[in-house]
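Residues per chain, in single letters:
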Amino acid sequence: MKVYGDLKSGNCLKVKWVCDKLSRRYTWIDVDTMKSESRTPEFLKLSGAGQVPVLELDDGRTLAQSNAIIRYLARGTDLIPAEAFLSAKMDEWLFWEQYTHEPYIAVCRFQMVYLGKSLGDLDPEKVKRGYAALALMEHQLQKTKFFVEDVFSLADVALLAYTRAAHEGGFHLDGYDAVRRWIGESEKRLGL
């Protein structure tokens, strides 16, 4: 299979980490979104949205959206809890990551890393909401080792991608001791 992605993108790294953790054989194909490589006619045939990552299976079928890809890759493994309620809790965090975490922490990082903006140029509301997301994560991780109780799951993979790079978007993790502990533990689980 082939993975089309950008190694600076947390969404793409999620897919790489799951492939590597599960020893899935794949070919990585770099796509530079800043050079509009995801907007070429060839790429748009893979993903009409023109976004990375994209997984192309050996039979030519493609799958987009990082959390859909990692769910597909991890089916039947211990990265998805077998118990139905815990699996649903994992999904709850996956949906939360894309709706409440990524739009703020990842977007601020994108603006600073890719667009060269300074911290002072960031939208204060995005920064505020990013810190609110970190606060909710801290609250959860003070109670549990990982996001789904004490089970390392795709929820942790998904949330790790941009949280471990939050400083690149102007977010400091001072005072987020449980989040920092979790980052270290999750990185160990993924061999990072």
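Residues numbered from 1 in each chain as written. Predicted model: local features only at pLDDT ≥ 70, side-chain atom pairs only at ≥ 80, totals over all residues. Heavy atoms only, no water.

> Please give an account of the sheet that holds strand β2 (residues 27–30) that cites residues and values.
One open sheet holds the four strands; their spatial order is β2-β1-β3-β4, and the pairing between them is mixed. Strand pairing shows two members of the sheet lacking a second neighbour, β2 and β4 (62–64), which therefore form its edges. Each strand axis lies, on average, 20° off the axis of its neighbour in the sheet, ignoring direction. As defined by bridge partners, strand β1 (residues 2–5) adjoins strand β3 (residues 54–56) across three bridges and the pair is classed as antiparallel. Opposite V3, over in β3, you have L55 as the bridge partner. Contacts from helix α3 (residues 66–74) reach β3 and β4, with the element oriented near 125° to β4. (Pairing = 2+ DSSP bridges. Helix = DSSP H or I, 4+ residues; strand = E, 2+ residues; numbered from the N terminus. Axes fitted to C-alpha atoms, helices over the stretch in contact; angles between N-to-C directions. Contact = heavy atoms within 4.5 Å.)

> Which residues make up a nonpolar patch on the surface, and what are the values?
A contiguous nonpolar surface patch, about 260 Å² in accessible area, is contributed by M34, F110 and L115. As for its placement among the helices and strands, L115 is situated in the loop between α4 (84–113) and α5 (124–143). Overall, L115 belongs to the partly exposed group, its relative accessible area being 45%. (Patch = residues over 30% accessible without salt bridge, like charges linked within 9 Å, V, L, I, M, F, W, Y side chains within 5 Å. Areas by Shrake-Rupley, 256 points an atom, 1.4 Å probe, with all protein chains shown as cover. Salt bridge = Lys/Arg side-chain N within 4 Å of Asp/Glu carboxyl O. Buried < 20%, exposed > 50% of the residue type's maximum accessible area, 1.4 Å probe, protein only.)

> For the pairing of β2, give the residues involved together with the corresponding values.
Pairing of β1 with β2, which is carried by four bridges, proceeds in the parallel orientation. Across the sheet, the residue bridging to G5 is D30, located in β2.

> Could you give an account of α4, naming the residues involved and the relevant values?
Three- or four-residue spacings in an α-helix give side chains the same orientation, since the helix completes a turn every 3.6 residues. For α4, the principal kink sits at E102 and spans about 60°; a proline, P103, occurs within the next four residues. Regarding α4, its N-cap is E83, as a side-chain oxygen of that residue lies 3.2 Å from the backbone nitrogen of F85 further along. (Bend = angle between axes of the 7 residues up to and from the residue. Polar contact = N/O pair within 3.5 Å; in protein donor to acceptor, adjacent residues only side chain to side chain.)

> Just give me the short version of the UniProt feature "domain: GST C-terminal" (unreviewed entry) in the protein, but keep the residues and values in it.
The feature "domain: GST C-terminal" (unreviewed entry), as annotated in UniProt, sits at residues 83–192 in this numbering. Across residues 83–192, helical content stands at 67% and strand content at 0%; the span's end C-alpha atoms are separated by 28 Å. (UniProt positions renumbered as here; feature names shortened; annotations may be inferred.)

> Please set out the pattern of salt bridges residue by residue, giving values where relevant.
If you walk through the whole model with that rule in mind, you get 10 salt bridges. When the shortest N-O distance is used, the salt bridge between D91 and R71 registers 2.7 Å. Placement of the pair is D91 in helix α4 and R71 in helix α3, with a sequence separation of 20 residues. A relative accessible area of 27% means that R71 is categorised as partly exposed. Residues R129 and E125 are paired through a salt bridge, measuring 3.0 Å at the closest nitrogen-oxygen approach. Taken together, the residues R129 and E125, both in helix α5 and four residues apart, mark about one turn of the helix. Assessed through its relative accessible area of 37%, E125 is described here as partly exposed.

> So what about the domain arrangement of the protein? Which residues, and what values?
With domains assigned, the protein is organised as domain 1 (2–74) and domain 2 (84–190). The interface is formed by 15 residues belonging to domain 1 together with 20 residues belonging to domain 2. Around 1,500 Å² of area is buried between domain 1 and domain 2 when both sides are counted, 61% of it from carbon and sulfur atoms. Interface area lost by domain 1 to domain 2 is led by W17, M34 and R71, which between them contribute 36%. At the boundary of domain 1 with domain 2, the tally comes to two salt bridges. There are 11 residue pairs in polar contact (both at pLDDT 80 or more) connecting domain 1 and domain 2. Elements that contribute at least two residues to the side of domain 1 that touches domain 2 include exactly α1 (10–21) and α3. Here the side of domain 1 that touches domain 2 takes six residues from α1, the largest share from any one element. (Domains from an automatic or database assignment. Buried area = accessible area lost by both parts, 1.4 Å probe.)

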